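# Understanding the architecture of this molecule
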Amino acid sequence: MFRTTQHMLFFIFVSQAVGCFAFIVNDVRMNSIKTSHSTSLLAQNNCDAHSLSPLESSVSHSGEFGRRSLFGKTFGSTVSSAAIVNYFVNAAEAKTEKAAVTKPEVVAIIGGGGRSGMDVATTLARNGVQAVTLTRTGTDPFKIIKLPESTKANLKHYAPPVDVRDQASVDNAIKEIGATSIVFAASASKRGGTAFEIDQDGAANAAMVAKKYGTSLIVISSLAIDRPDSRSFKVTNSIGGNFDKIMDAKRIGEDKVREIMGKGKGRYVIIRPGPLITGKTTLGAMDLEINQGDTVGGGLSRDELAGAVLGALQSGVAGVTVEVYRRSTHTKLQPEFAAFSGNEFSADTYSGLFSKCKKDV
């Protein structure tokens, strides 16, 4: 009968309004002739304020509408009818909002078999996020690793091999997983491909897939990418083998991600960690510092890096590039740089670290 909920609610409102009008006419007529039947007619009328008492009671107990006194008898049945409409509309909107909030977060971790990727996976899973590892060989990195049941419940593995050099391979995996976010933790390796194949082209392929499916993308890159004259850049860039020119490859990969996703506007975060050091964090997010501009950096542990990835996801920040490191290791990247960039920021939570990030320009 009704094509939409709005049509039904409109019908209810009009019906109640017409009923009210009928009640007024009847009331005037009955008062004028003053018959003994007026009381019974009033009691039977649909617009009698007391006829709404069951609904009034249930809504008042819900709190919100009770506080606003939408069903006060002083306002009569017309106001009550409007309240009925508002009640159903607001209830429908609340249901929609709840559905949106409870949509499960599924994070696909490309390079999930590496040490950093595994730390990201366990950190996300431990914090209630469904993490799915993707590996080049298809091997489950956690197959023989003992983890708490609460963590294992949120940790999955995508069995088919995923080759980041092949965009179709990445596309199929993300589509089948139904990922809402992608973490690109892959990098060049002795068996997995060169820096230009993985850190450059692989990152671009991940961005193409993220753009296609509307997922967010977090890329783990490296400190000093924009500082080719720094010692960190020169040493890392000259390792040789499959790692040769890895800093050049990462820099091009970053540029491709920004171009594909939309520089400063797209749903991406590029995290540039400093040298990965041994040991684990003691104070969590409070140990870390976020910076921008690539003039200051330092080292951090893998679990701290994983915490930063978690924070980026939780914060919802997008279109930014940041450097992250342990505050105690804070140092300028080149002798001529100032000791402090002015973009340093710390917080009590991992998500809070990203609260003042500036968009890429």
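See above for the structure.
Below you will find a few notes about this structure. Source: prediction; values computed, not measured.

Once that is clear, we can look at the pairing of strand β2 (residues 130–134). Among the five residues that make up β2, four are buried, leaving the element largely enclosed by the rest of the structure. Relative to β2, strand β1 (residues 106–110) runs parallel, the two being bridged by five bridges. When the sheet's bridge partners are listed, Ile 110 is paired in β2 with Leu 134. Following the backbone out of β1, through helix α6 (residues 115–126) and into the adjacent parallel β2, one traces a crossover that is right-handed. Here β2 pairs with strand β3 (residues 155–157) via three bridges, running parallel. When the bridges of β3 are listed, Val 132 appears paired with Lys 156.

Here the focus is the sheet that holds β3. If you trace the eight strands from one edge of the open sheet to the other, you get β3-β2-β1-β4-β5-β6-β11-β8, paired in mixed fashion. The strands lining the two open edges of the sheet, one partner per strand, are β3 and β8 (288–291). Put simply, the sheet's adjacent strands are angled 25° from each other on average, direction ignored. The sheet contacts of α6 involve β1, β2, β3, β4 (181–184) and β5 (216–220), and relative to β1 the element is tilted by about 170°.

Below, the discussion takes up the packing of α6 against helix α12 (residues 302–315). Direction vectors running N to C along α6 and α12 enclose 55°, while the axes themselves pass 8 Å from each other. With respect to their mutual orientation, α6 and α12 come out oblique. Considering how the two elements wind past one another, α6 and α12 form a crossing that is right-handed. Every residue of α12 that contacts α6 at Arg 115, Ser 116, Asp 119, Val 120, Thr 123 and Leu 124 is listed here: Arg 302, Asp 303, Leu 305, Ala 306, Gly 307, Val 309, Leu 310 and Leu 313. Partitioned by chemical class, the residues of the contact of α6 with α12 number seven nonpolar, three polar and four charged.

Reading the values: the criteria
Residues numbered from 1 in each chain as written. Predicted model: local features only at pLDDT ≥ 70, side-chain atom pairs only at ≥ 80, totals over all residues. Heavy atoms only, no water. Buried < 20%, exposed > 50% of the residue type's maximum accessible area, 1.4 Å probe, protein only. Helix = DSSP H or I, 4+ residues; strand = E, 2+ residues; numbered from the N terminus. Pairing = 2+ DSSP bridges. Right-handed = clockwise from strand over helix to strand, strands pointing away. Axes fitted to C-alpha atoms, helices over the stretch in contact; angles between N-to-C directions. Contact = heavy atoms within 4.5 Å. Parallel < 35°, antiparallel > 145°, perpendicular 65-115°, else oblique. Left-handed = near helix turned anticlockwise from the far one by under 90°. Nonpolar A, V, L, I, M, F, W, Y, C, P; charged D, E, K, R; others polar.

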